[in-house]
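# Residue-level structure breakdown
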Amino acid sequence: MDATTETRIHAPDTAETFLRAIELTPVDGPADASFEATTQYVPWPKAYGGDMTAQATAAMQATVGADRALHSLHSYFMRPVEIGAPVRYDVETLRDGRGYSTRSVRAVQNDKIAFTAMGSFHVPEEGPEFQQQAPAVVEPETLRTAAEALDAADGANAPARDYWAHGRSFDMRHVPGPVYVSSDGTRSPNQAVWVRAFSALPDAGDAKATADLHRTALAYVCDYTILETLLRVRGLNWSSQGLATASLDHAMWFHRAARADDWILYAQDAVSLQDNRGLALGRFFDRDGRLLATVAQEGMIRG
C-alpha cells in the first residue's frame, strides 16, 4: 500500500472505519432527536451507501428503550452523499407501544434530504421457530482474502485495490471468486461471501447496546456486495469500463442476534434485472447455520 493511500484509509485491516462511521453527535435539529455522523473515505465520487444505512440505524436505535430491538429497516437512497462530510440524521418518534416502536429518519446534507428510512423495534417474545437452511459452501479459512485475490489479478487502479483489500473494515471472501476485476464467465445469479470484521468489535457497555452494535454492523456491511449477483448475470465486474451503479432502495429484517466479528455467511441471489435496475436478495447465517438477517435491495446498474 503506498503512503498516499494509507493516509486516506483510516487504520487499514481493522474495523475502525466502520466504528468511525457510526459515531453519533447529538445536535439541535427540527426532529424529536437529531444527530450528526461523518461519511468515511472511499476512492469513488460518492460516499458508501452502507454508511447511511448504518448511521440511520444507529440514530434510530439511540431513541428507543432498552427492552426492544430493531427487527426491520426500510430505506431509500435519494441523492449522492459527499465523502468525509457531516450528515444530519433527524429521527421522528412515530409510535411507542407496549410491544413495538416505530421510527422514521431523514439524512440531510447541504440542506437537502439524501436518504430516508423507517425502522420498527420489537420487545422479544417466546414462540416457535422456523428458518430456511444455510447453503452448503466451503469454509472461509480455505478461501483467498480480498488482498490475495487482488494480488493475483490485473486491472484495478491502486486506490480501488487498496480500498477493496484493506479499507472496508471487514474481511470478505467470495464463493466463487470475487468480481473486483473480472467475473468467472458463468453469469450465475448466485454467490456467497463470508464476512467478518477485521478486528474485534468493542463491548458497547451493556448487552443491549452490544447487540445493537452488531446489528448495525450487518446493516453497514450488507451494501458492499449485494449487487454483485446482478453484475455477474450481466458479465460485468467492478472494474468494467463505463460501469455506473447506485443503491436505490433497501429493506432488511433482523431475525437473530450474532457477533459480526465472527464469520458470517452472506448468501446472495439475483432476482430480476430490467430497465438498468436490478433486485437482489441476501441472507446472513452464522457458522452454526442460524439465519440472522434477510436483505432485499434494488440498485441501478449501467454499463
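On a predicted model such as this, the values are computed, not experimentally measured, just so you know.

## Concerning the overall build of the protein
If you tally the helices and strands in the protein, you get seven helices and 12 strands. In summary, the protein has a C-alpha radius of gyration of 18 Å against a globular reference of 19 Å for 303 residues, a match within 12%. Expressed along its principal axes, the backbone C-alpha trace of the protein runs to roughly 55 × 45 × 40 Å. Sequence separation of at least 24 residues holds for 72% of the intrachain contacts in the protein that already meet a minimum separation of 6. In the structure as shown, the protein presents an accessible area of about 13,500 Å², 49% of it carried by carbon and sulfur atoms. The positive charge centre, built from 28 side chains, and the negative charge centre, built from 39, are 5 Å apart in the protein.

## A look at a nonpolar patch on the surface
A contiguous nonpolar surface patch, about 220 Å² in accessible area, is contributed by Val271, Leu279 and Leu281. Position of Leu281 among the secondary structure elements: in strand β11 (residues 277–286).

## Side note on the side chain of Ser240
With respect to the helices, strands and loops of the structure, Ser240 is situated in the loop between α7 (228–233) and β9 (244–254). Separated by 2.9 Å, the side chain of Ser240 and the backbone nitrogen of Asn237 make a polar contact.

## Here we look at helix α6 (residues 207–225)
Over its 19 residues, α6 runs 29 Å from end to end, which matches the ideal 27 Å to within 8%, given 1.5 Å per residue. Here α6 lies mainly inside the structure; 16 of its 19 residues are buried.

## Concerning the pattern of salt bridges
Should their charged atoms come close, side chains of opposite charge can pair. Using the criterion set out here, one finds 13 salt bridges in the structure. Close ionic contact of Arg68 with Asp67 constitutes a salt bridge, the shortest N to O distance being 2.9 Å. Here Glu139 ties to Arg287 by a salt bridge, and the two come within 2.4 Å at their closest N and O atoms. Taken together, the positions of Glu139 in the loop between β6 (112–122) and α4 (146–151) and Arg287 in the loop between β11 and β12 (291–302) put the pair 148 residues apart, joining distant regions of the chain. Residues participating in the shared-partner salt-bridge network are Glu139, Glu141 and Arg287.

## Describing the packing of aromatic side chains
Scanning all chains against the criterion turns up 13 aromatic pairs. Look at Trp44 and Trp164: their rings are 5.8 Å apart centre to centre, the planes differ by 40 degrees, and that puts the pair in the tilted class. Taken together, the positions of Trp44 in the loop between β2 (33–38) and α3 (49–61) and Trp164 in helix α5 (residues 158–166) put the pair 120 residues apart, joining distant regions of the chain. The exposure class of Trp44 is partly exposed, given its relative accessible area of 34%. Both rings, one in Phe77 and one in Phe115, keep their centres 5.1 Å apart while their planes meet at 65 degrees; by these two values the pair is edge-to-face. With a gap of 38 residues between them, Phe77 in strand β3 (residues 69–77) and Phe115 in strand β6 connect regions that are remote in the sequence. Residue Phe77 is classed as buried on the basis of its relative accessible area, which comes to 14%. These aromatic residues form a ring-pair network of at least three members: Phe18, Tyr41, Trp44, Tyr48, Tyr163, Trp164, Phe170, Tyr180, Tyr220 and Tyr224. Geometry around Tyr224 places Arg168 over its ring, the cationic atom sitting 5.3 Å from the centre. Directly above the aromatic system of Trp194 lies the positively charged group of Arg287, at a separation of 5.7 Å from the ring centroid.

Procedures and definitions
- Residues numbered from 1 in each chain as written.
- Predicted model: local features only at pLDDT ≥ 70, side-chain atom pairs only at ≥ 80, totals over all residues.
- Heavy atoms only, no water.
- Helix = DSSP H or I, 4+ residues; strand = E, 2+ residues; numbered from the N terminus.
- Rg over C-alpha atoms; globule rule 2.2 N^0.38 Å.
- Contact = heavy atoms within 4.5 Å.
- Areas by Shrake-Rupley, 256 points an atom, 1.4 Å probe, with all protein chains shown as cover.
- Lys, Arg positive; Asp, Glu negative; His and termini not counted.
- Charge placed at Lys NZ, Arg CZ, Asp CG, Glu CD.
- Patch = residues over 30% accessible without salt bridge, like charges linked within 9 Å, V, L, I, M, F, W, Y side chains within 5 Å.
- Salt bridge = Lys/Arg side-chain N within 4 Å of Asp/Glu carboxyl O.
- Polar contact = N/O pair within 3.5 Å; in protein donor to acceptor, adjacent residues only side chain to side chain.
- Expected span 1.5 Å × (residues − 1).
- Buried < 20%, exposed > 50% of the residue type's maximum accessible area, 1.4 Å probe, protein only.
- Phe/Tyr/Trp six-rings, centres within 6.5 Å; stacked < 30°, edge-to-face > 60°.
- Lys NZ or Arg CZ within 6 Å of the ring centre and 35° of its normal.

Treat this as a map of the structure, not an account of what it does.
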